[in-house]
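Residue-level listing of the chains:
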Amino acid sequence: NILLIMSDQQRSDSLGCYGSDFVQTPNLDRLAQDGIRFDNCYITNTVCTPSRASIMTGKHLPRHGVYRLHDILPETEKLFPCYLRDAGYKTALFGKLHVSGRSFERGQRNANDGFDIYEYAMNPHDIGGSYNSYAQWLLREHPEFYQVLKQEGRNVKDIPEKAHFTTWSAERTMGFLHAQKSSEQPFFAYMSVVDPHDPYGDYPKESLKGICEEKVPYPNSISEEIVHHLPEPIILEHEHSYLGSFHRYSTEDIQEMRKGYYASVAFLDKQIGRVINCLKELNLYDDTIIIFLSDHGDMLGDHSLLAKGAYFFDECTRVPLIIKPARSLPH
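Caption draft 1: Up close: the side chain of Ser-20. By the element assignment, Ser-20 lies in the loop between strand 1 (2-7) and helix 1 (26-34). Within the structure, Ser-20 has its side chain in polar contact with the backbone nitrogen of Phe-22 (distance 3.4 Å). With sequence-adjacent residues up to four places away left out, Ser-20 is seen in contact with Asp-13, Ser-14 and Leu-15.

Have a look at this one:
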């Protein structure tokens, strides 16, 4: 069996097993102890769509043709779940795919995604589209919060744990695992969440207990003079990122971003722990390869840059990768 867990916009220094002492990630740390931690995993592109297209096709950008955020993966390109399904696997997606632009995937599936079960949602703030299993779950299970989200969108703060996108993805993954317990068919489950992607204030309040706020490092900013000696695309991102100009934010503002980001990581770890414990309770853990990785990182004010974009600093290109083999496989 294979369980792929993908976070969104997570830099490698955000986990204890990668040296962080300011965010609690006990479940991913234990997973690293049981498996292999890769210290030099670099993605192929610093924004979601091209990076995810590479991960899911196994190809670099010139071969799959997705270069920008809103590009569409050609219909001829097969995602690797196609090959797993052909080999006899039951395949399932719970969360974000984003191998094509958001507008495309809101209304239709990629031609060769390879999933038997397709419970798709792009992010926790967009409740529209023909494919939005998270919104449908909210409407059914948490209608009051659905209305809040409908009104506030990306401005929503402190999403309750019970109604959070990551909780939904974890619970749907666990439901799938229970359904597969008695099956002799191997499975591929893809739990794909949006944590710790911005906006940085939508974590459950209690997740702040998972970080040591006074230890969260301040950004490694650089002077305007240095910035304006960097390549032009970096200057443009400094001045006009999708979060706005770097000058809009004070040091305190960026530090609040960083705290929210790492609180989201702590919450993500908690939900991953639930899924791992489910595998153990169902006696599936030893027979399951677990892969954890992210699509790219986040600058969080380092180098006087925000979020992601046209730069190749480690904060944006180096991501965590942990692989826990099945016990029946050689390490």
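Caption draft 2: Just unusual backbone geometry, in detail. The step from Asp-195 to Pro-196 runs through a cis peptide bond, and the omega angle for that step is 0°. With respect to the helices and strands, the residue Pro-196 is situated in the loop between strand 5 (187-192) and helix 9 (224-227). Following Asp-198, the chain continues into Pro-199 via a peptide bond in cis, with omega recorded as 5°. Topologically, Pro-199 is positioned in the loop between strand 5 and helix 9. Despite not being glycine, Gln-9 shows a phi value in the positive range, around 70°. Mapped onto the elements, Gln-9 comes out in the loop between strand 1 and helix 1. With a phi close to 60°, Asn-283 is a non-glycine residue in the positive phi region. Along the chain, Asn-283 falls in the loop between helix 11 (251-281) and strand 6 (289-294).

Caption draft 3: Examining the pattern of salt bridges more closely. As enumerated under the stated definition, the model contains 21 salt bridges in all. For Asp-13, the salt bridge identified is with Arg-11, shortest N-O distance 2.9 Å. Take Arg-11: its relative accessible area is 4%, and that puts it in the buried class. Residues Asp-302 and Arg-11 are paired through a salt bridge, measuring 2.8 Å at the closest nitrogen-oxygen approach. In this pair, Asp-302 is assigned in the loop between strand 6 and helix 12 (314-317) and Arg-11 in the loop between strand 1 and helix 1, connecting sequence segments 291 residues apart. Taken as a pair, Asp-302 and Arg-11 share a single burial class, namely buried. Several salt bridges converge on common partners, so that one network encompasses Asp-8, Arg-52, Lys-96 and Asp-295.

Caption draft 4: Representation of helix 1 in the model. Within helix 1 the residues assigned to the buried category are Asn-27, Leu-28, Leu-31 and Ala-32. One side of helix 1 carries all its buried residues, which in axial view fall inside an arc of 140°. In this fold, the buried residues of helix 1 make contact with strand 2 (36-38), helix 11, strand 6 and strand 7 (321-324).

Reading the values: rules and limits
Residues numbered from 1 in each chain as written. Predicted model: local features only at pLDDT ≥ 70, side-chain atom pairs only at ≥ 80, totals over all residues. Heavy atoms only, no water. Helix = DSSP H or I, 4+ residues; strand = E, 2+ residues; numbered from the N terminus. Polar contact = N/O pair within 3.5 Å; in protein donor to acceptor, adjacent residues only side chain to side chain. Contact = heavy atoms within 4.5 Å. Salt bridge = Lys/Arg side-chain N within 4 Å of Asp/Glu carboxyl O. Buried < 20%, exposed > 50% of the residue type's maximum accessible area, 1.4 Å probe, protein only. Arc of directions from axis to C-beta.

Keep in mind these values describe shape, not function.
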